[in-house]
Amino acid sequence: MKLGFLTACLPDMSLDEIAKFAAEVGYEALEIAAWPAIDDRPFTATHVRADALTAAEVDRVRGCMDGNGLSISSIAYYGNNLHPDPDERRATHEHLARCIDAAAALSSPTVGTFVGRHPGRTVAENLRDAEDVFPPLVERAQARGVKLVIENCVMEGWHPDGYRGNLAYSPELWEWMFSLGLHLNFDPSHLLWLGIDPVTAVLPYVDHVAHAQAKDIQLFADRRHRYGFFGKAITREDPWDTGWWRYRVPGLGEVDWPRLIDTLYEGGFDGTLSVEHEDPVWGGDTGRVETGLRIAYRTLRPLLVR
């Protein structure tokens, strides 16, 4: 198992700068952000131009990685593949297809995305839509030797009332995803606030985990008693702020990392564990983000077999 991180937490740094930092800390892999340059959602970045993947771009990215002894664990583009606007949905699919092509050109084993959701349609209707949307994308990935992986993030901020915005958040939905040829990008942090034990959840499905993300979470039960499970209703100025939990870097939250990593090893997972840094305490500027990544490294590195 290799240890890496998702580059989206450092949007203002170049890939070459990030690769040098990663190698200096001791990381072995990068999950490279590949959002379109026009996307300004938080925790997005463009560290590879999948929409302009010239031979020069391929050489640039390979040079950054090879020159620092790093591998690519995944090409990251987490868009809403069931977006309610037809033009936006089409653009998302087109960019995801380009990311698949980029992954093949760069020898990345996976491409990460979301199922997403149309918030104006029922879950059942969305699942039927997804069963039409994903087969061509899965076929494209398989033809290029790439696995399409879905992160189990709830994406509650995509729903106007803070409900589930990405239909991939539970083992029930994972089984449905696997039937479409999709794989799991497993992130334990999203399960804890749902009341799901990450180890119990992933144990039967480790052979479907093609990539894993390392993010922690801090829960505030006293605040949940005020807002309820669904979070703030009246004062929710930020759609992502439930009011009773927040993400942390590994080691500063409630995920049982020794038990979880042992479970991944026991199930035969030998891919990359990629830190996804969305910790507000260790965020806000490049220096603090880098410190957060160092904390994550110090937490996780002793748990991985060299």
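Worth saying up front: this structure is predicted, and the values here are computed from it rather than measured.

Engineer: How should I be thinking about the packing of helix α3 (residues 86-106) against helix α4 (residues 123-143) in this particular structure?
Structural biologist: One way to put it is that α3 packs onto α4 with a least axis distance of 9 Å and a crossing angle of 25°. The orientation of α3 with respect to α4, classified from their angle, is roughly parallel. Crossing geometry of α3 relative to α4 is assigned as right-handed. Across from Arg89, His93, Leu96, Ala97, Ile100 and Asp101 in α3, the residues of α4 making contact are Asp129, Val133, Leu137, Arg140 and Ala141. Within the contact of α3 with α4, the residues separate by chemical class into 6 nonpolar, 1 polar and 4 charged.

Engineer: Explanation requested: the pattern of salt bridges in the structure shown.
Structural biologist: When the charged atoms of two side chains with opposite charge come close together, those side chains can pair. The tally for this structure, following the rule as stated, stands at 15 salt bridges. Close ionic contact of Asp101 with Arg144 constitutes a salt bridge, the shortest N to O distance being 2.6 Å. Pair noted here: Asp101 is in helix α3 and Arg144 is in the loop between α4 and β5 (147-151), with a separation of 43 residues, a long-range link. Where Lys215 meets Glu151, a salt bridge forms, and the shortest distance between an N and an O atom there is 3.9 Å. Note that Lys215 is positioned in the loop between β7 (209-214) and β8 (216-219) and Glu151 in strand β5, a separation of 64 residues in sequence. Classification of Lys215 as buried rests on a relative accessible area of 1%.

Engineer: I would appreciate a short explanation of the pairing of strand β6 (residues 183-186) in the present structure.
Structural biologist: Taken residue by residue, a regular strand's side chains alternate between the two faces of the sheet. Covered by surrounding structure in β6 are His183 and Asn185 together with Leu184 and Phe186, the residues of both alternating faces. As defined by bridge partners, β5 adjoins β6 across 3 bridges and the pair is classed as parallel. Of the residues in β6, the one forming a bridge with Ile150 is Leu184. Two strands pair when backbone bridges link them, and β6 and β7 are joined in this way by 3 bridges, in the parallel orientation. Residue pairing across strands places Leu184 opposite Val209, the latter belonging to β7.

Engineer: Which parts of the structure should I look at to understand the environment of Ala143?
Structural biologist: Its place among the elements puts Ala143 in helix α4. Between the alpha carbons of Ala143 and Ala104 there is a distance of 9.6 Å; along the sequence they are 39 residues apart.

Engineer: Would you take a moment to explain the sheet that holds strand β4 (residues 110-113) for this structure?
Structural biologist: By definition, the strands of a sheet pair up through backbone hydrogen bonds, in either a parallel or an antiparallel sense. Around the barrel, 8 strands lie side by side as β1-β2-β3-β4-β5-β6-β7-β10; this closed barrel has parallel pairing. For this sheet, the mean inter-axis angle between neighbouring strands, taken without regard to orientation, is 30°. Sheet analysis places strand β2 (residues 29-33) next to strand β3 (residues 71-76), joined by 5 bridges and oriented parallel. Opposite Ala29, over in β3, you have Ser71 as the bridge partner. Its contacts with the sheet put helix α1 (residues 15-25) on β1 (2-6) and β2, and the angle it makes with β2 is roughly 155°.

Engineer: Would you take a moment to explain the environment of Leu167 for this structure?
Structural biologist: Position of Leu167 relative to the elements: it lies in the loop between β5 and α5 (171-178). Between the alpha carbons of Leu167 and Tyr77 there is a distance of 16 Å; along the sequence they are 90 residues apart. Those residues in contact with Leu167, other than ones at most four positions away along the chain, are Val115, Gly116, Arg117, Val123, Asn126, Leu127, Leu173 and Trp176.

Engineer: Looking at this model, I keep getting lost on the side chain of Asp187. Mind explaining?
Structural biologist: Relative to the helices and strands, Asp187 resides in the loop between β6 and α6 (189-192). In terms of polar contacts, Asp187 uses its side chain to reach the side chain of Ser189, at 2.7 Å. Of the polar contacts made by the side chain of Asp187, one reaches the side chain of Lys215; its length is 2.6 Å. In this structure, Asp187 is in contact with Glu151, Asn152, Gln213, Lys215 and Glu276, ignoring residues within four places of it in sequence.

Engineer: It is not clear to me how the state of the cysteines should be interpreted in this structure. Could you clarify?
Structural biologist: Using the criterion set out here, one finds 0 disulfides in the structure. For the unlinked cysteine Cys99, the closest cysteine sulfur is that of Cys64, found at 17 Å. Judged by its relative accessible area of 0%, Cys99 is buried. With no disulfide of its own, Cys153 has Cys9 as its nearest cysteine by sulfur position, at a separation of 15 Å.

Engineer: Sorry, what's going on with the nonpolar core here?
Structural biologist: For soluble globular proteins, nonpolar side chains are generally found buried alongside one another. Counting 99 residues, the largest nonpolar core has Phe5, Tyr27, Leu30, Ile75, Val115 and Met177 as its most contacted members. Among residues more than four places away in sequence, those in contact with Leu30 are Phe5, Thr7, Leu15, Ile18, Ala19, Ala22, Met65, Leu70, Ser71, Ile72, Ser73 and Ser74.

Calculation criteria
- Residues numbered from 1 in each chain as written.
- Predicted model: local features only at pLDDT ≥ 70, side-chain atom pairs only at ≥ 80, totals over all residues.
- Heavy atoms only, no water.
- Axes fitted to C-alpha atoms, helices over the stretch in contact; angles between N-to-C directions.
- Helix = DSSP H or I, 4+ residues; strand = E, 2+ residues; numbered from the N terminus.
- Parallel < 35°, antiparallel > 145°, perpendicular 65-115°, else oblique.
- Left-handed = near helix turned anticlockwise from the far one by under 90°.
- Contact = heavy atoms within 4.5 Å.
- Nonpolar A, V, L, I, M, F, W, Y, C, P; charged D, E, K, R; others polar.
- Salt bridge = Lys/Arg side-chain N within 4 Å of Asp/Glu carboxyl O.
- Buried < 20%, exposed > 50% of the residue type's maximum accessible area, 1.4 Å probe, protein only.
- Pairing = 2+ DSSP bridges.
- Polar contact = N/O pair within 3.5 Å; in protein donor to acceptor, adjacent residues only side chain to side chain.
- Disulfide = S-S within 2.5 Å.
- Core = buried A, V, L, I, M, F, W, Y, C linked by side-chain atoms within 4.5 Å.

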